[in-house]
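Residue strings, one per chain:
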Amino acid sequence: MITVTIDGVVHEAMSGERLIDIINRAGINISQVCYHPQLGPIQTCDTCMVETNGRLVRACATTASAGMKIFTKSEKASAAQREAFDRILSNHVLYCTVCDNNNGNCTIHNTEKLLAIEHQAIPYHSKPYEEDHTNPFYRYDPQQCILCGRCVEACQDLQVNETLSINWEDPHPRVLWDGGSTIGESSCVSCGHCISVCPCNALMEKSMLGHAGFFTALPKPALSGMIDVVKGVEPETGYGAILKLSEAESHMRDLRIRRTKTVCTYCGVGCSFNIWTKDRHILKVQPLDGPTNGVSTCIKGKFGWDFVNSPDRLTKPLIREDGKFREASWKEALDLVARKFAEIKAQHGPDSLAFVSSSKCTNEESYLMQKLSRAVIGTNNMDNCSRYCQAPATQGLFRTVGIGGDSGSIRDIENAGLVLIIGSNTAESHPVLATRVKRAHKLRHQKLIVADLREHEMAKRADLFFRPKPGTDMVWLSAVSRYLLDNGIADTKFLSKWVNGLDEYTKSLAPFTMEFASQTCGLSEDTLKKVAHMIAEAKGVCVLWAMGVTQHAMGSDTSTAISNLLLITGNYMKTGSGAYPLRGHNNVQGASDHGAMPNFLPGYQSVDDPEVRSRFEANWKVQLPSTKGLDNHEMIEAIHEGKLKSMYLFGEEMSLVDSNANFVCDGLSKLDFFVVQDIFFSVTCHYADVVLPASPSLEKEGTFTSTERRIQRLYEVFEPLQGSRPDWQIIQDIANRLGANWQYQHPSEIYREVASLTPLFAGVTYERLEGFKSLQWPVAADGTDQPLLYTKEFAFPDGKARLFPLALSEPTDQPDAEFDLHLNNGRLLEHFHEGNLTYRVEGIREKTPDVFVEVSPELAKQRGIQSGTWVQLTSRYGQLRVRALVTDRVQGKQLYMPMNSVESPVNRLTSSHTDAVTHTPAYKEASVHLKVLPEVGESPLPRINHRFGHPTPQHGVEVERKWKRADYRVPGNGLVQIQTN
């Protein structure tokens with residue numbers, strides 16, 4: 001710590017800290033148009049000029065030293081600030097009262113007010129460009145663009161999509177997409193970073209235009225006339241009087257625009273933001289203070305909310321009669337559900353019923369669902385969709401380090417010297433998390449290794465990318481581990497102090513030679529040795545993996561091999577290291593955490609532990625079942641065997657997302673009584689006897705838990721759509737009709753009960769989660785959480801980790817002469833899973849209207865396929881038609897099909913094979929026969945899809961090029977010269 005003096009007052013600071021941050025922390029108002037704390041110094045606006053040691057410097061780019069004297073309001077500094085802002089106003093028309101961005105947060109408006117500039121010294125000059133409306137979600141107005149470069153900085157060095165730039169050498173600079181393309185045909189992924197950091201109205205959400213202001217919906221000629229009036233009176237009245245009028249209008253907006261914090265409902269990253277609404281119209285999503293994402297979002301989090309107001313939302317319960325559905329009252333539907341559950345339990349026993357919770361819904365709702373299953377019905381037949389994806393990763397971590405969650409935070413991943421990504425298309429499946437890796441790789445020289453079947457974005461960026469044969473990751477991981485041990489480059493000190501089982505583990509590695517791994521995985525020994533040495537030499541290694549690992553028959557073992565590798569290299573117990581299984585859904589972590597599993601009560605407390613059961617029994621005043629229940633996979637088998645008679649499922653599209661979909665759907669049709677609770681009439685609803693209309697996350701309160709174990713509150717943005725109800729209320733109504741006496745009035749009361757029974761969440765309260773505050777479990781009773789695990793010891797009785805020996809296993813459903821192609825599958829950036837939510841967003845549907853199968857150029861040439869050719873894919877389990885997309889993202893006999901289809905779901909082709917330990921389906925092990933059909937249509941991806949764009953990578957806004965312009969001069973160096981005709 002050092003001291004500096006600002007305007008005569010002494011302040012503490014960190015040596016090397018930016019002056020602008022010290023000034024802001026001290027509460028001193030200073031203009032700063034281009035500076036954003038999450039972007040760092042951009043240095044384009046010059047409005048933060050301060051005086052120190054007799055010279056003018058930019059406060060955003062100057063760092064503090066001991067004893068420094070800083071003057072923010074000296075004559076020199078004030079003149080420079082005003083001159084710099086005058087230049088900015090020459091690029092921008094102030095018509096705030098009729099601007100949709102006049103909401104109290106416009107940096108230009110607020111800076112004008114701060115500096116109290118009454119008249120522009122430099123007149124506004126228009127630019128020879130039209131507005132660009134070609135993106136479905138936002139528009140760019142060059143006439144209002146001040147060329148601050150925030151959008152470019154965010155795109156280039158925060159999101160690292162590298163689409164935006166400014167050609168400073170142009171006579172009339174403007175922001176460019178792909179160097180000069182329209183936005184719609186560029187590589188823009190519609191993440192929204194540029195809009196979120198824009199300090200004015202140059203970049204705006206289309207959902208704001210004509211909706212935010214009281215006058216902004218007027219016809220354009222009328223608006224232009226009003227703007228001309230403002231221009232006309234400005235020379236006489238000055239800007240001060242004009243701003244007072246606009247501020248009055250802005251305050252009026254506050255009465256009808258709500259800003260409500262929520263947490264994203266899509267992937268597991270856990271982005272949080274404010275949603276601006278006017279009545280039921282979503283004006284915009286504003287990310288700023290989220291502990292995980294800051295100003296970052298992806299296309300779904302920023303723009304993917306139209307489904308909430310979709311006209312096909314369910315608003316009345318439905319009951320099947322004579323093969324058809326009819327509308328019913330809530331009382332009739334709930335009475336029927338309770339009566340049928342009671343009858344089936346009485347006739348066939350409690351284990352004839354099963355319950356499936358939702359990874360889309362809140363922790364409180366999963367807790368109530370498992371409580372209904374166990375305490376009211378009396379069965380442990382309880383599961384959630386973590387069975388479909390992340391259960392093997394959890395198992396691998398339970399085996400080796402004792403806790404089945406991410407080792408640290410996304411910030412810890414940024415601190416790694418090396419990131420190893422295995423079986424994860426991170427940039428599309430977890431886009432905001434990927435931005436942090438891309439940023440560290442680009443700006444901090446973090447090393448990146450990617451092992452995957454496809455050359456996706458992260459693979460293209462990697463320092464080392466290799467393609468193992470499908471289902472062989474466990475082999476090369478074990479071979480690398482053996483190589484490190486054999487060659488004395490493992491972390492022996494760490495192993496000696498913190499790890500058990502080294503001798504037995506070393507013996508188990510005998511088969512995994514480099515030669516064997518090379519032959520089995522189709523990789524060169526040099527590549528594998530390079531991987532080993534990069535890991536050994538790195539200062540901290542984080543391994544990220546997802547469904548490309550877990551959705552195999554050996555998913556648990558491969559996840560275990562990852563953790564084994566981290567242990568032998570000492571990559572736990574410190575920042576920038578550890579295991580990061582990337583959770584797929586917004587609350588798949590939380591659903592498991594809160595007991596929606598067949599073998600665990602909340603907090604991973606075993607159902608067969610008498611002490612645990614007695615604690616819950618005392619609170620719930622019932623006797624609980626003590627044996628493991630059925631998981632999702634076993635439930636379907638039990639239906640076919642006639643053992644399972646009834647199922648209650650909410651918030652899951654089970655008929656499409658479970659593997660071997662034909663077998664699953666056949667099973668669901670055999671249930672005696674099936675209840676589905678959802679916001680839309682999904683494909684799974686077709687098999688139901690009762691359909692209950694639920695509310696999405698924007699219409700409820702509760703908590704979600706993200707992939708980094710981060711618990712966050714979400715608040716009610718809208719009241720539930722008339723006729724629908726939040727899931728927790730529906731579950732409580734059913735429980736009470738079955739004899740329970742639950743009296744929860746608010747989700748906070750539910751969580752109070754969770755915390756009282758679950759040591760993992762002992763200190764979690766709604767008060768500690770207020771606003772954008774969050775906690776990362778485990779949370780002690782005093783509220784202390786653990787963003788980074790294992791800082792003192794591992795989660796075993798002796799405090800040591802355990803190396804877990806593994807045996808070789810082979811993938812199932814391998815290609816043969818008939819089914820000669822391997823079919824991989826996964827997510828797309830734009831859509832989420834089958835698309836039940838995202839296909840209801842018009843802009844996303846416009847960008848990516850349909851599903852497709854990726855075919856390699858060599859296979860396409862061999863079989864006469866072009867993009868748009870219809871093909872028939874046949875597996876051992878099903879068949880479907882789909883259009884081909886020829887791309888070098890895949891090679892040879894590898895195919896890739898996204899999951900975004902209801903009409904042609906990829907799981908019609910997958911098998912019932914599973915991971916032996918967790919029963920997670922082996923989705924990634926599918927072999928198919930491809931038949932080329934005579935029809936040839938248009939490419940399934942339109943030209944406006946970002947994958948056809950051409951990014952223009954550079955380091956930030958490249959402000960040095962601006963400084964070289966003939967018309968640029970540092971403010972404060974002489975009078976401004978105005979040349980007029």
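So, a few notes on the structure that sits alongside this text. The model shown is predicted, which means the values in this text are computed figures rather than measured ones.

Below, the discussion takes up the nonpolar core. By size, the foremost hydrophobic cluster in this structure holds 153 residues, and its most contacted members are Trp476 and Tyr572. No other element matches helix H16 (residues 473-486), which puts eight residues into this core. Once you skip the residues sitting within four places of it in the chain, Tyr572 turns out to touch Leu397, Val401, Ser407, Phe494, Ser563, Leu566, Leu567, Ser577, Gly578, Ala579, Tyr790 and Phe794. Ile108, Leu147, Ile195 and Ile299 belong to the second largest nonpolar core, which has 53 residues in total.

Moving on to the pattern of salt bridges. Enumeration according to the criterion identifies 49 salt bridges in this entry. Glu332 is paired through a salt bridge with Arg326; the nearest N and O atoms lie 2.4 Å apart. Using a relative accessible area of 34% as the deciding quantity, one classes Glu332 as partly exposed. Here Arg326 falls in the partly exposed class, since its relative accessible area comes to 27%. Of the charged contacts in the structure, one is a salt bridge between Asp850 and Arg883, with a shortest N-O distance of 3.5 Å. Separated by 33 residues along the polypeptide, Asp850 in the loop between helix H30 (842-847) and strand S33 (853-855) and Arg883 in strand S35 (residues 879-886) bring together distant segments of the chain. Using a relative accessible area of 14% as the deciding quantity, one classes Arg883 as buried. If you follow the salt bridges from partner to partner, you end up with Asp157, Glu162, Lys438, Lys442, Glu457 and Arg461 in one network.

Okay, the sheet that holds strand S29 (residues 710-714) next. With respect to topology, three strands assemble into an open sheet ordered S28-S29-S30, the strand pairing being antiparallel. Each end of this open sheet is capped by a strand with a single partner; those strands are strand S28 (702-705) and strand S30 (774-776). Ignoring which end each strand starts from, the neighbouring axes of this sheet average 30° apart. In terms of strand pairing, S29 meets S30 through three bridges, oriented antiparallel. Within S30, the position partnered with Arg710 by the bridge is Gln776. Packing of helix H10 (residues 363-377) onto the sheet brings it into contact with S28 and S29, and relative to S28 it is tilted by some 95°.

With respect to topology, five strands assemble into an open sheet ordered S19-S18-S17-S21-S22, the strand pairing being parallel. Only two strands of the sheet have a single neighbouring strand rather than two, namely strand S19 (464-466) and strand S22 (578-581). In this sheet, neighbouring strand axes are inclined to one another by 15° on average, regardless of whether the strands run parallel or antiparallel. Pairing of strand S21 (residues 541-545) with S22, which is carried by four bridges, proceeds in the parallel orientation. Residue pairing for S22: Val543 is matched across the bridge by Ala579. Sheet contacts for helix H20 (residues 525-537): strand S17 (418-422), strand S18 (447-451), S19 and S21; angle to S19, the most-contacted strand, approximately 140°. Contacts from helix H22 (residues 555-568) reach S17, S21 and S22, with the element oriented near 175° to S21.

Before going further, it helps to spend a moment on helix H4 (residues 150-158). Within H4, nine of the nine residues are buried, leaving the element largely enclosed by the surrounding structure. Burial in H4 covers these residues: Arg150, Cys151, Val152, Glu153, Ala154, Cys155, Gln156, Asp157 and Leu158. Of the surrounding elements, those touching the buried residues of H4 are helix H3 (107-115), strand S7 (164-166), strand S8 (175-177), helix H5 (193-197), strand S9 (203-205) and helix H14 (431-443). Positive backbone phi, approximately 55°, marks Val160, located one or two places after H4.

This part is about the side chain of Ser724. With respect to the secondary-structure elements, Ser724 resides in the loop between S29 and helix H28 (727-737). At 3.4 Å, the side chain of Ser724 forms a polar contact with the side chain of Arg313.

As a further point, take the packing of H4 against H14. Taken N-terminus to C-terminus, the directions of H4 and H14 make an angle of 90°; their axes are 8 Å apart at the nearest point. Considering the angle they form, H4 stands roughly perpendicular to H14. In this structure, H4 contributes Gln156, Asp157 and Leu158 to the contact, and H14 contributes Thr435, Arg436, Arg439, Lys442 and Leu443. Class assignment of the residues belonging to the contact of H4 with H14 gives a composition of two nonpolar, two polar and four charged.

On to the side chain of Ser508. By secondary structure assignment, the location of Ser508 is in helix H18 (residues 502-508). Residue classification places Ser508 among the buried positions, given a relative accessible area of 15%. Ignoring any residue separated from it by four or fewer positions in sequence, one finds Ser508 in contact with Pro805 and Leu806.

Each value, and the rule that gives it
Residues numbered from 1 in each chain as written. Predicted model: local features only at pLDDT ≥ 70, side-chain atom pairs only at ≥ 80, totals over all residues. Heavy atoms only, no water. Core = buried A, V, L, I, M, F, W, Y, C linked by side-chain atoms within 4.5 Å. Buried < 20%, exposed > 50% of the residue type's maximum accessible area, 1.4 Å probe, protein only. Helix = DSSP H or I, 4+ residues; strand = E, 2+ residues; numbered from the N terminus. Contact = heavy atoms within 4.5 Å. Salt bridge = Lys/Arg side-chain N within 4 Å of Asp/Glu carboxyl O. Pairing = 2+ DSSP bridges. Axes fitted to C-alpha atoms, helices over the stretch in contact; angles between N-to-C directions. Polar contact = N/O pair within 3.5 Å; in protein donor to acceptor, adjacent residues only side chain to side chain. Parallel < 35°, antiparallel > 145°, perpendicular 65-115°, else oblique. Nonpolar A, V, L, I, M, F, W, Y, C, P; charged D, E, K, R; others polar.

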